[in-house]
Amino acid sequence: MHLPTNLEQLEAESIFIMREVAAQFERPVLMYSVGKDSSVLLRLAQKAFYPGKIPFTALHVDTAYKFPEMYEFRDRMATELGLNLIVHRNEAALRDDANPYSLGTQRCCALLKTGALLEALAKHEFDAAIGGARREEERSRAKERVFSFRDKHGQWDPRSQRPELWNLYNGKLAKGESMRVFPLSNWTEQDIWNYILVEQIPIVPLYYAQKRKVVVRGNMLVPVMGSDRRTYEGQNVDEVLCRFRSLGCYHCTGAVRSDADTLEKIVAEMTQVKTSERATRIIDFDTDGSMELKKREGYF
C-alpha cells in the first residue's frame, strides 16, 4: 500500500530528524516505551538507516508495573530487530515498594519514571534521547521544540528553548547538558494509526478490542490484574469489550469501550474520537498542569 502524501511528508521529516541526531550527537539513545508511537519510531529508524542496522541503543525505562503483554512484545521485537536494548529500573525505589497506592501517582511517577530515566541517561552518558511524544497529545507538549534542550540537571524550561527556523536544529551542548528529540512532533494520533495500517507495523495486542475485566469508574475503565489485588480489591469487577488507546503502568492506564479489533476498525474509530488519548492516563490529572510539572523535573 502506498503512503498518502501527508504521511510521506511526515515520514520524510522524521527521517531527516533522526539522521540529524545521528550526525550531531555522540551518544544518542532511542527511548522504547513499547507503545504505538515507539513502534512507529522503530520503523522510521529502520528506514532512515536502511540497509544498515538501527544505530541507536534502545532504552526502556521500566517501572515494573507494565502489562505482561508489553514485556512479551518488547522482548520479541528486540530479538526480531536485533536491538541493543537496555532496560533500566529505579531499583532502590522498588525495594522500598514504590507504588501509586501508598505514594500517590505524582510521587510514584517521579521515582519510577523520571528518576529512573535520569539515572539511566547519566549512567550511560547519553547526550540525546529520542522520544515519541507528539505536540497534540497534551497542552504542555504543544510547547516542545523538536530538539528540546535540557540543563545539566535534566530539567526542561520552555523559556530556554532554542528557535527552530527553516528546520535548522541546534544540537550544541555544554558538558552535562542534554537534548530530548521528538521526531513525531507534528504527527497526530490519527497519523500514527494510518501509518501503522499502511506499513503493517506490529503493535501490542492491548490496542485491539476484546472482552477484559475492568473496574468501571465513570468513563474510565481501570484494568483488573489478577496478579495484583490492589487493582480490584473491594470493588465491582465487570467484563467489558474495550481496548487501550495509550499504554503505561497498569495502575494508571484506563481502557475505552470499543469493538475495534483490527487496524482498519481502529483507523475508522479514530475519525470519530474527539478526546485526547491522554484522557485515559490517570497520571496526567493528579494536579493541575501535572504533565508540565513532570517535564520540568525531567520526565519526557
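Conventions adopted
- Residue positions are given per chain, counting from 1 as you read along its sequence in written order.
- Note on the predicted model: pLDDT of at least 70 is required for a residue's local features to be given, and 80 or more for side-chain atom pairs to be given and counted; whole-chain, interface and lining totals, by contrast, use all residues.
- Side-chain figures throughout are based on the complete set of non-hydrogen atoms in the structure, without hydrogens or water.
- Accessible area is worked out with a 1.4 Å probe on protein chains only. A residue is then buried under 20% of its type maximum, exposed over 50%, and partly exposed in between.
- To qualify as a helix, a DSSP run of H or I must reach at least 4 residues; to qualify as a strand, a run of E must reach at least 2; elements of each kind are numbered from the N terminus.
- Whether two strands pair comes down to DSSP finding at least two bridges between them.
- We call a set of buried residues a nonpolar core when its members are Ala, Val, Leu, Ile, Met, Phe, Trp, Tyr or Cys and they connect through side-chain atoms within 4.5 Å of each other.
- By convention here, the domain bounds are inherited from an automatic or database domain assignment.
- It only takes one pair of heavy atoms within 4.5 Å for two residues to be counted as in contact.
- Note on definitions: buried area is the accessible-area loss of two parts on being combined, 1.4 Å probe, summed for both.
- Note on geometry: axes are lines fitted to C-alpha atoms, helical ones only across the stretch in contact, with angles between N-to-C directions running from 0 to 180 degrees.
- Roughly parallel here means an angle under 35 degrees, roughly antiparallel means over 145, roughly perpendicular means 65 to 115, and every remaining angle is called oblique.
- In this classification, Asp, Glu, Lys and Arg are treated as charged, Ala, Val, Leu, Ile, Met, Phe, Trp, Tyr, Cys and Pro as nonpolar, and every other residue, Gly included, as polar.
- Note that the arc is computed from the directions linking the helix axis to the C-beta atoms.

Student: Quick rundown of the pairing of strand β8 (residues 220-223)? Include the residues and the values.
Tutor: Neither face of β8 is exposed, since Met220 and Val222 on one face and Leu221 and Pro223 on the opposite face are all buried. Sheet analysis places strand β7 (residues 210-217) next to β8, joined by four bridges and oriented antiparallel. What sits directly across from Val216, in β8, is Leu221. Adjacent in sequence and paired antiparallel, β7 and β8 are bridged by two residues, among which Gly218 carries a positive phi angle near 65°.

Student: For the nonpolar core, give the residues involved together with the corresponding values.
Tutor: Val40, Phe147, Trp187 and Trp193 are the most contacted members of the largest nonpolar core, which has 68 residues in total. Top element by residues in this core is helix α2 (residues 36-49). It accounts for seven residues. When residues of this core are assigned to domains, at least three map to each of domain 1 (5-192 + 289-297) and domain 2 (205-285). Listed in part, the eleven residues of the second largest apolar core include Val29, Val61, Leu121 and Phe126.

Student: Run through the pairing of β7, naming residues and quoting values.
Tutor: Regular strands place side chains that alternate from one sheet face to the opposite one. Pairing analysis gives five bridges linking β7 to strand β9 (residues 238-243), with the strands arranged antiparallel. Directly across from Arg212, in β9, lies its bridge partner Val240.

Student: Explain the domain arrangement of the chain residue by residue, including any values.
Tutor: Structurally, the chain comprises domain 1 (5-192 + 289-297) and domain 2 (205-285). For domain 1 and domain 2, the distance between their C-alpha centroids amounts to 23 Å. Each side of the interface is counted separately: domain 1 has 27 residues, and domain 2 has 25 residues. Between domain 1 and domain 2 lies a buried interface of about 2,300 Å² when both sides are counted; carbon and sulfur atoms form 61% of it. Of all residues in domain 1, Tyr65, Phe67 and Tyr101 bury the most surface against domain 2, accounting for 29% of the area lost on that side.

Student: So what's going on with the packing of helix α1 (residues 5-24) against helix α7 (residues 189-199)? Which residues, and what values?
Tutor: Contact pair α1 / α7: the axes reach a minimum separation of 11 Å and the direction vectors enclose 95°. On the basis of the axis angle, α1 is roughly perpendicular to α7. Where α1 approaches α7, its residues Asn6, Leu7, Leu10 and Glu11 are matched on the opposing element by Asp191, Asn194, Tyr195 and Glu199. A breakdown of the residues in the contact of α1 with α7 according to their chemical character gives three nonpolar, two polar and three charged.

Student: Lay out helix α8 (residues 263-270) with the relevant residues and their values.
Tutor: Within the sequence span of α8, burial applies to Leu263, Ile266, Val267, Glu269 and Met270. End-on view of α8: buried residues confined to an arc of 160°, all on one side of the axis. As for α8, its buried residues are in contact with α7 and β9.

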